[in-house]
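Examining the three-dimensional arrangement
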Amino acid sequence: FYIYCCISFLLAGCSDEIALPKLSTDAVILAFGDSLTHGNGAATEESYPAVLQKLSSRKVINAGISGEQTDPGLKRLPGLLDQHKPQLMILCHGGNDFLRKKDIGKMESNLRTMINLAESKDIPVVLLGVPKPGLFLSSAEVYKKIAESSKVIFIEDLVADVLSDSSLKSDTVHPNKDGYRVMAETIYSVLKDKGAL
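Residues numbered from 1 in each chain as written. Predicted model: local features only at pLDDT ≥ 70, side-chain atom pairs only at ≥ 80, totals over all residues. Heavy atoms only, no water.

**So, the packing of helix H6 (residues 104-119) against helix H7 (residues 141-150)**
Contact pair H6 / H7: the axes reach a minimum separation of 11 Å and the direction vectors enclose 35°. The two elements H6 and H7 cross, and the hand of that crossing is right-handed. Judged by residue contacts, Ile104, Met107, Glu108, Leu111, Arg112, Ile115 and Glu119 of H6 engage Val142, Tyr143, Lys145, Ile146, Ser149 and Ser150 from H7. (Axes fitted to C-alpha atoms, helices over the stretch in contact; angles between N-to-C directions. Helix = DSSP H or I, 4+ residues; strand = E, 2+ residues; numbered from the N terminus. Left-handed = near helix turned anticlockwise from the far one by under 90°. Contact = heavy atoms within 4.5 Å.)

**As for H7**
Residues of H7 that are buried include every one of Val142, Tyr143, Ile146, Ala147 and Ser150, and no others. Relative to the axis of H7, the buried residues are bounded by an arc of 135° and lie together on one face. Exposed side of H7, more than 90 degrees from the buried face: Glu141 and Glu148 are the residues found there. Packing partners of the buried residues in H7 comprise helix H5 (95-99), H6, strand E4 (125-128) and strand E5 (153-155). Positioned one or two residues after H7, Lys151 has a phi angle of 55°, which is positive. (Buried < 20%, exposed > 50% of the residue type's maximum accessible area, 1.4 Å probe, protein only. Arc of directions from axis to C-beta.)

**Side note on the pairing of E4**
Here E4 shows a buried face lined by Val125 and Leu127 and a second buried face lined by Val126 and Leu128. Where strand E3 (residues 88-92) meets E4, 3 bridges bridge the pair, whose relative direction is parallel. Counted as the bridge partner of Leu91 is Leu127 from E4. Bridge count between E4 and E5: 3 bridges; the pairing is parallel. Along E5, the bridge assignment pairs Val126 with Ile153. (Pairing = 2+ DSSP bridges.)

**Here's the deal with the layout of surface pockets**
Here the largest pocket defines a volume of roughly 330 Å³. Lining the largest pocket are 20 residues, and of these Leu99, Pro131, Leu163, Thr172 and Val173 lie nearest its centre. Elements with a minimum of two residues in the lining of the largest pocket: helix H2 (35-38), H5 and helix H8 (158-163). Top contributing element to the lining of the largest pocket by residue count: H5, with 3 residues. In terms of residue class, the lining of the largest pocket is made up of 10 nonpolar, 7 polar and 3 charged. (1 Å grid on protein atoms, 1.4 Å probe; cavity = no way out; pocket = protein on both sides within 12 Å on 5 of 7 lines; lining within 4 Å. Points joined across faces, edges and corners; volume = space filled by probe spheres on them. Nonpolar A, V, L, I, M, F, W, Y, C, P; charged D, E, K, R; others polar.)

**Re the sheet that holds strand E2 (residues 59-64)**
Read from one edge to the other, the open sheet built from 5 strands follows the order E2-E1-E3-E4-E5, with strand pairing classed as parallel. With one partner strand each, in any of the chains shown, E2 and E5 form the two edges of the open sheet. Neighbouring strand axes in the sheet, compared pairwise and without regard to direction, differ in orientation by 20° on average. Strands in contact with helix H3 (residues 48-56) are strand E1 (28-33), E2 and E3; relative to E2, the strand with the most contacts, it is inclined by about 170°.

**Brief notes about the confidence of the model for the protein chain**
The predicted coordinates of low-pLDDT regions are not to be read in fine detail. This prediction gives the protein chain a mean pLDDT of 92; 91% of its residues lie at or above 70. Low pLDDT, under 50, characterises residues 1-15; the predicted model gives this stretch 26 contacts beyond four residues in sequence or across chains. (pLDDT = per-residue confidence, 0-100.)

**Here we look at the pattern of salt bridges**
Summed over all chains, the structure comprises 6 salt bridges. With a closest N to O distance of 3.0 Å, Glu108 and Arg112 form a salt bridge. Of this pair, Glu108 and Arg112 are both found in helix H6, 4 residues apart, which corresponds to roughly one turn of the helix. Here Glu185 makes a salt bridge to Arg181, at a shortest N to O gap of 3.4 Å. Of this pair, Glu185 and Arg181 both sit in helix H9 (residues 177-193), separated by 4 residues, roughly a single helical turn. The exposure class assigned to Glu185 is buried, which follows from its relative accessible area of 12%. (Salt bridge = Lys/Arg side-chain N within 4 Å of Asp/Glu carboxyl O.)

In structure tokens form, the structure reads like this:
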């Protein structure tokens, strides 16, 4: 029950006016990010991309690299877009920039460039907000700023809400299998709500 309350609450926080094109049955979704995408703290088949693949009946590429910051992420992305030719990209990146106290302006620039790279190939983007480390977690303000000016689908507090619930965490900064399932189910609900599925 908690999960579905959580999902309906999170859906209310999504970008209302933006829709997504319908994904073909053979579409590829690229899940791009760091350890939150890779699935640290759970088995490979329990990561959010693996669960989303089952829910959506679409191929979901797990392109998460544990510990990656946005600088190397930006260098890595063009090759993946060319290789997999996704019809949608889910972007969840920047947490390691916060953890290593990197320049937030540079991180913002990197995330914007990632979105631009995808959109230049007509690949819509779903952006997940990531919280700064702290006691009371909420998505860092920079993500909302990027989402509003880039006009991308934005799931603001999904990661923060999962990491605020000790029953959904494997450690201080990673979900467990239940947390990744909440992530996958919420993203799936957003994709349905926005017309992609």
